[in-house]
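# Tertiary structure, described
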Amino acid sequence: MSILIKNGRVIDPDTRKDGRYDILIEEDKIVKVDQEIKEEAEEVIDAEGCYVMPGLIDLHVHLRDPGQTYKETVETGAAAAAHGGFTTVLAMPNTKPVTDDRLNIRYVHNKAKAMAPIHVLQAGAITKGQKGKELADIDSMVAEGSPAISEDGRSVMDSLLCKEAMKIAAECGVPVMAHCEDIDLMDGGVANDDEYIRKQGLRGISNAVEDIIAVRDVMLAGETGAHLHLCHCSTYGSVEIVRQAKKHGINVTAEVCPHHFTLTSKDVDAGDANYKMNPPLRTKKDVEALKRGLRDDIMDVIATDHAPHSEEEKRRSFTAAPFGIVGLETAVPLTISELVEKEYLTPMQMAEKMSYNPAKILGLDKGSLAEGKIADVVIIDPNEEYVIDKNTFASKGRNTPFHGRTVRGKVKVTICDGKVVYKDKQI
Ligand SMILES: NC(=O)N[C@@H](CC(=O)O)C(=O)O
Ligand SMILES: [Zn+2]
Ligand SMILES: [Zn+2]
């Protein structure tokens, strides 16, 4: 099989190319990148006016498999990823049972190999059953191919246990992905702790809930030498903590989710639990800090925290509904509309934060369009305007606050291992 991508704007953080090039793919590899390629190919894609980037890599998704497959499966989650331009995703371990041993890791990896159109990697839990009491067998999960550990969904509140985990992760050479939430300080909160939210009769989640654990984990990373990756940063404090940590040479990276840089707590409709996620939508001050943090490369990654839930669960009251929204199929248009068009990010930075940096963090030989690399490629039309329609999602999850929003930036083609795994109807 061969594919020739013609006339696109190739944006490759690895070779630093940003310009008009053709790309020739043969079998599963990029064999040629040149200003004009004359060779014939079985499939020719005209990418005129489009970005051609390395396939996107999402460091933070929930595929709900095993155990909650009514919300999502490896197969539907991977299809949603392909639809969203992602060729690799990292699944979080808050499954049922918790993905806390090598057999559970193997289950997801095998299922993905059998039926996912893209690469699915599984993060191992830090503690057994995510109970926060006893460490999981981190070595054996890493030996099984798990590229990171995480307790996502909660923090390891026992600081000594957390430090032990970081020591082991450092020895194994994998990052610790931290969900920062002081569970005691949560105090039943469901949305940001501010006047607007309180007026709607909802309980608040203060910035300190996140910042306290972010500081603690940065200090533990400093003491252990572990690579700490902060998940779904939502506060201006988190940005400052990451800035300071980097200044002090601590090995920390951080991610921001599209919903956190697009919406504020003022957008929250207390009658619609599709505005409920953890951490919550914050204030304008936080959002501005996140966007500047991304712009200034303090924040390294844009990740979705794709968290599918059923319609029934999200129809519950704001307080009773589970936290989380889907994100795989809205990340590209939100990033282009909110960050690239508004000149917080260059297209090159977008490719860095959605592909190159995530690859580096996981130690993957991806995030590149260099000749000889595996052909994971996404083609995006940055100018196409459309209305987000949750009914077009490949995900089982329809829980998004972005249904009906007009955006720019459409994924046209996703290529994984040299195969077209998603193609927009109009290309
Ligand atoms: N983000 C969320 O609101 N929910 C996530 C858990 C998490 O990412 O912490 C989920 O698993 O549903
Ligand atoms: Zn989390
Ligand atoms: Zn998550």
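Residues numbered from 1 in each chain as written. Chains lettered and ligands numbered in written order. Predicted model: local features only at pLDDT ≥ 70, side-chain atom pairs only at ≥ 80, totals over all residues. Heavy atoms only, no water.

Going by the annotation in an unreviewed UniProt entry, the name recorded for the chain is Dihydroorotase, with Hominisplanchenecus faecis given as the source organism. The UniProt entry for the chain carries the following text under Sequence similarities (unreviewed entry): "Belongs to the metallo-dependent hydrolases superfamily. DHOase family. Class I DHOase subfamily." You can read under Function (unreviewed entry) in the UniProt record for the chain the words "Catalyzes the reversible cyclization of carbamoyl aspartate to dihydroorotate." (UniProt positions renumbered as here; feature names shortened; annotations may be inferred.)

## Section: the packing of aromatic side chains
Counted under the stated rule, the structure contains zero aromatic pairs. Over the aromatic face of Tyr21 sits the side chain of Lys17, whose NZ or CZ is 5.5 Å from the ring centroid. In this arrangement the basic side chain of Lys276 is found over the ring face of Phe323, its NZ or CZ atom lying 4.5 Å from the centre. (Phe/Tyr/Trp six-rings, centres within 6.5 Å; stacked < 30°, edge-to-face > 60°. Lys NZ or Arg CZ within 6 Å of the ring centre and 35° of its normal.)

## Structural notes on the coordination of the zinc ion (ligand 3)
Reference values for angles at a metal are 109.5 degrees in the four-donor tetrahedral case and 90 or 180 degrees in the six-donor octahedral case. For the zinc ion (ligand 3), the full set of protein donor atoms is His60 (NE2), His62 (NE2), Asp152 (OD) and Asp305 (OD), and the range of their distances to it is 1.9 to 2.2 Å. Donor residues binding the zinc ion (ligand 3) come from one chain and are separated in sequence as H-x1-H-x89-D-x152-D. Here the zinc ion (ligand 2) and the zinc ion (ligand 3) are spaced 3.6 Å from one another, each receiving a donor from Asp152. Residue His60 is located in strand β6 (residues 56–61), and its partner Asp152 is located in the loop between β9 (149–150) and α4 (159–172); the two are separated by 92 residues in the primary sequence. Relative accessible area serves as the criterion here: at 0%, His60 is assigned to the buried category. (Donors = N, O, S within 2.8 Å, 3.2 Å for Na, K, Ca; no water. Helix = DSSP H or I, 4+ residues; strand = E, 2+ residues; numbered from the N terminus. Buried < 20%, exposed > 50% of the residue type's maximum accessible area, 1.4 Å probe, protein only.)

## Here we look at unusual backbone geometry
Both trends apply: most residues other than glycine have a negative phi, and most peptide bonds are in trans. A cis amide bond, omega 10°, links Asp65 with the succeeding residue Pro66. Geometrically, the link from Lys96 to Pro97 is a cis peptide bond, its omega value of 0° lying close to zero. With respect to the helices and strands, the residue Pro97 is situated in the loop between β7 (86–91) and α2 (102–115). With a phi close to 60°, Arg64 is a non-glycine residue in the positive phi region. Mapped onto the elements of the fold, Arg64 is located in the loop between β6 and α1 (74–83). Positioned with a positive phi, His232 is a non-glycine residue whose angle comes to about 25°. Along the polypeptide, His232 turns up in the loop between β13 (228–230) and α8 (236–247).

## Let's talk about the UniProt feature "binding site: Zn(2+) 1" (unreviewed entry) in the chain
Here the UniProt-annotated "binding site: Zn(2+) 1" (unreviewed entry) positions come out as His60, His62, Asp152 and Asp305. Separation in sequence by 246 residues is not matched in space for these annotated residues, since their most distant C-alpha atoms are only 9.9 Å apart. With residues up to four places along the chain from it excluded, the contact list for His60 reads Leu90, Met92, Asp152, Cys231, His232, Glu255, Ala303, Thr304, Asp305 and His306. A polar contact is formed between the side chain of His60 and the side chain of Asp152, at a distance of 2.8 Å. Note on placement: Asp305 falls in the loop between β15 (301–302) and α11 (311–315). The exposure class of Asp305 is buried, given its relative accessible area of 8%. Beyond its immediate stretch of four places on either side in the chain, Asp305 contacts His60, His62, Asp152, His232, Cys257, Asn278 and Ile325. Reaching out from Asp305, the side chain makes a polar contact with the side chain of His62 at a distance of 3.0 Å. (Contact = heavy atoms within 4.5 Å. Polar contact = N/O pair within 3.5 Å; in protein donor to acceptor, adjacent residues only side chain to side chain.)

## Let's talk about the site of ligand 1
Near ligand 1 lie 15 residues; those nearest to it are Arg64, Asn94, His179, Asn278 and Asp305. Residue Asn278 places a main-chain N or O atom 2.8 Å away from an oxygen atom belonging to ligand 1. About the coverage of ligand 1: the protein hides 94% of its 320 Å² of free accessible area. Looking at the shell around ligand 1 residue by residue, the classes come out as three nonpolar, nine polar and three charged. (Near = heavy atom within 4 Å. Areas by Shrake-Rupley, 256 points an atom, 1.4 Å probe, with all protein chains shown as cover. Nonpolar A, V, L, I, M, F, W, Y, C, P; charged D, E, K, R; others polar.)

## Considering the pattern of salt bridges
Inspection of every chain in the model, using the stated rule, returns 33 salt bridges. Asp300 is paired through a salt bridge with Lys246; the nearest N and O atoms lie 2.8 Å apart. With Asp300 in the loop between α10 (284–295) and β15 and Lys246 in helix α8, the pair connects residues that are 54 residues apart, well separated along the chain. For Lys246, a relative accessible area of 27% puts it in the partly exposed group. Residues participating in the shared-partner salt-bridge network are Glu384, Lys410, Lys412 and Asp424. (Salt bridge = Lys/Arg side-chain N within 4 Å of Asp/Glu carboxyl O.)

## Concerning the packing of helix α12 (residues 331–340) against helix α13 (residues 347–362)
Closest axis-to-axis distance for the α12/α13 pair is 11 Å, and the angle between their directions is 140°. Here α13 runs oblique to α12, going by the angle between their axes. Crossing of α12 against α13: the hand is right-handed. Each of Ala331, Val332, Thr335, Ile336 and Val340 in α12 lies in contact with α13, whose residues at this interface are Pro347, Met350 and Met354. Looking at the contact of α12 with α13, its residues break down into seven nonpolar, one polar and no charged. (Axes fitted to C-alpha atoms, helices over the stretch in contact; angles between N-to-C directions. Parallel < 35°, antiparallel > 145°, perpendicular 65-115°, else oblique. Left-handed = near helix turned anticlockwise from the far one by under 90°.)

## Observations regarding the coordination of the zinc ion (ligand 2)
Coordination of the zinc ion (ligand 2) by the protein comes from Asp152 (OD), His179 (ND1) and His232 (NE2), over a distance range of 1.9 to 2.0 Å. Mapped onto the sequence, the residues coordinating the zinc ion (ligand 2) show the spacing D-x26-H-x52-H. When its relative accessible area of 5% is taken as the criterion, His179 is described as buried.

## Some thoughts on the environment of His60
Separated by 56 residues in the primary sequence, His60 and Ala116 have C-alpha atoms spaced 17 Å apart. There is a polar contact of 3.3 Å between the side chain of His60 and the side chain of His62. Reaching out from His60, the side chain makes a polar contact with the side chain of Glu255 at a distance of 2.8 Å.

## Concerning a negative patch on the surface
Where like charges cluster on the molecular surface, the negative patch consists of Asp101, Asp137, Asp139 and Glu171. By the secondary structure assignment, Asp137 is in the loop between β8 (119–122) and α3 (138–143). (Patch = residues over 30% accessible without salt bridge, like charges linked within 9 Å, V, L, I, M, F, W, Y side chains within 5 Å. Lys, Arg positive; Asp, Glu negative; His and termini not counted. Charge placed at Lys NZ, Arg CZ, Asp CG, Glu CD.)

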